[in-house]
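Coordinate analysis (summary)
Here are the chains, one letter per residue:
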Amino acid sequence: MKKFPLITGLALSLLACSSVFAAEKTLRIGIEAAYPPFASKTDKGEIVGFDYDIGNALCAQMKVKCVWVEGEFDGLIPSLKVKKIDMALSSMTINEDRKKSVDFTHKYYFTSSRLVMKEGAVVDDQYNSLKGKTVGVQRATTTDRYATEVFEPKGVNVKRYSNNEEIYMDLAAGRLDAIFADTIPLNDFLSMPRGKGYAFAGPELKDPKYVGEGAGIAVRKGNTELVSQLNAAIDGIRANGFRNSTSSPISTATDRSLPGLSHESPRCAADSLDFDGFRLRASTLVSTMIIPMTTMIEGRSARATEAISMAVGGIR
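No experiment lies behind these values; they were computed from the predicted model shown.

1. Structural notes on the overall build of the chain
What the chain contains, in helices and strands, is nine helices and 18 strands. The burial tally for the chain puts 53% of its 316 residues in the buried class. Nonlocal contacts in the chain, meaning residues at least 24 apart in sequence, comprise 70% of its contacts between residues at least 6 apart. A total of about 14,100 Å² of accessible surface is found on the chain, and carbon and sulfur atoms cover 52% of it.

2. Side note on the nonpolar core
With 31 residues, the main nonpolar core has Leu27, Ile29, Leu58, Met87, Leu89, Ile217 and Leu230 as its most contacted residues. Dropping the residues within four chain positions of it, Leu27 is found in contact with Cys59, Met62, Val64, Lys65, Cys66, Val67, Asp86, Met87 and Leu226. One finds Leu130, Val156, Val158 and Phe180 within the second-largest nonpolar core, a separate group that totals 19 residues.

3. A short note on the environment of Leu58
The topology assignment puts Leu58 in helix H2 (residues 50-62). Put simply, Leu58 and Gly236 are 178 residues apart on the chain and 8.6 Å apart in space, counted from C-alpha to C-alpha.

4. Considerations on the confidence of the model for the chain
In this model, the chain carries a mean pLDDT of 77, and residues with pLDDT of at least 70 account for 69%. With pLDDT under 50 throughout, residues 14-23 is counted as low confidence; its partners more than four residues away or in other chains account for zero contacts.

5. Some words on the state of the cysteines
Under the defined criterion, the tally for this structure stands at one disulfide. What pairs with Cys59 in a disulfide is Cys66, and their sulfur atoms sit 2.1 Å apart. What sets the handedness of the Cys59 and Cys66 disulfide is the S-S torsion sign, and at about 110 degrees it is right-handed. With a relative accessible area of 17%, Cys66 lands in the buried category.

Cut-offs and rules
- Residues numbered from 1 in each chain as written.
- Predicted model: local features only at pLDDT ≥ 70, side-chain atom pairs only at ≥ 80, totals over all residues.
- Heavy atoms only, no water.
- Helix = DSSP H or I, 4+ residues; strand = E, 2+ residues; numbered from the N terminus.
- Buried < 20%, exposed > 50% of the residue type's maximum accessible area, 1.4 Å probe, protein only.
- Contact = heavy atoms within 4.5 Å.
- Areas by Shrake-Rupley, 256 points an atom, 1.4 Å probe, with all protein chains shown as cover.
- Core = buried A, V, L, I, M, F, W, Y, C linked by side-chain atoms within 4.5 Å.
- pLDDT = per-residue confidence, 0-100.
- Disulfide = S-S within 2.5 Å.

What follows is the structure, encoded as structure tokens:
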């Protein structure tokens with residue numbers, strides 16, 4: 001019996017199958033699609049936003065297929081643990097508590113957090129003036145933790161929600177005095193008609209104890225191979241730029257400095273931002289993103305405002 005040709009043929013078949021599997025490899029990406037401008041749904045039910053664009057660009061760089069799995073933010077890490085998803089890309093802050101449960105890639109953007117209240121509201125730096133008021137936060141976020149540890153002991157009534165959209169509705173209905181959240185989605189809220197009559201109030205939260213190291217992609221604990229692949233892909237799209245969901249090309253910038261912006265108006269804007277080697281169009285993005293992007297949500301462009309932070313970290 002000629003075993004050698006048989007074994008050789010079997011090996012070649014396995015190699016061929018392996019190539020097919022490699023070509024068809026997929027990454028199941030968990031995302032909360034209710035967090036504009038990072039991720040939201042159009043009227044047609046399609047996901048759009050910065051996190052979505054980043055994920056697709058990373059998959060293209062890694063030559064794998066993206067499979068998007070929607071879920072609430074506080075369910076993303078549990079979904080990773082039970083292997084329902086391979087990674088969570090949803091503006092998740094890298095912090096010590098989460099590092100106990102999952103591993104993270106390098107950070108890919110930063111923003112501070114802040115209060116939004118009725119225009120004219122004054123809040124002192126220690127938040128003592130919030131006593132007796134009701135503040136809405138998204139459950140299981142770093143702002144939730146801060147509200148628990150800082151606001152509640154000061155006599156602030158903290159209400160927790162599944163997503164920011166629910167908070168905006170309660171604010172409009174008069175059930176909340178303030179929102180405490182990431183400044184980027186809050187800026188998106190302020191730039192829309194429903195944000196009329198509201199403005200940022202009080203100081204920006206930049207304390208590393210709460211804002212962590214930045215927003216990163218979470219993967220299952222111990223999956224160092226995927227972390228390395230994602231970090232390499234992040235470096236690749238930072239170096240080469242990419243096209244977002246609006247097919248707008250993003251170019252790198254030679255000036256690696258971030259220009260200062262006025263903090264006097266909650267709706268001020270600059271023409272463009274240079275940050276970490278990328279040219280960011282302020283008319284279409286509202287953050288100091290480390291990865292370039294120009295994202296449009298249902299035809300609206302997010303604008304640069306004092307939501308822009310001059311540090312590197314993350315808040316959700």
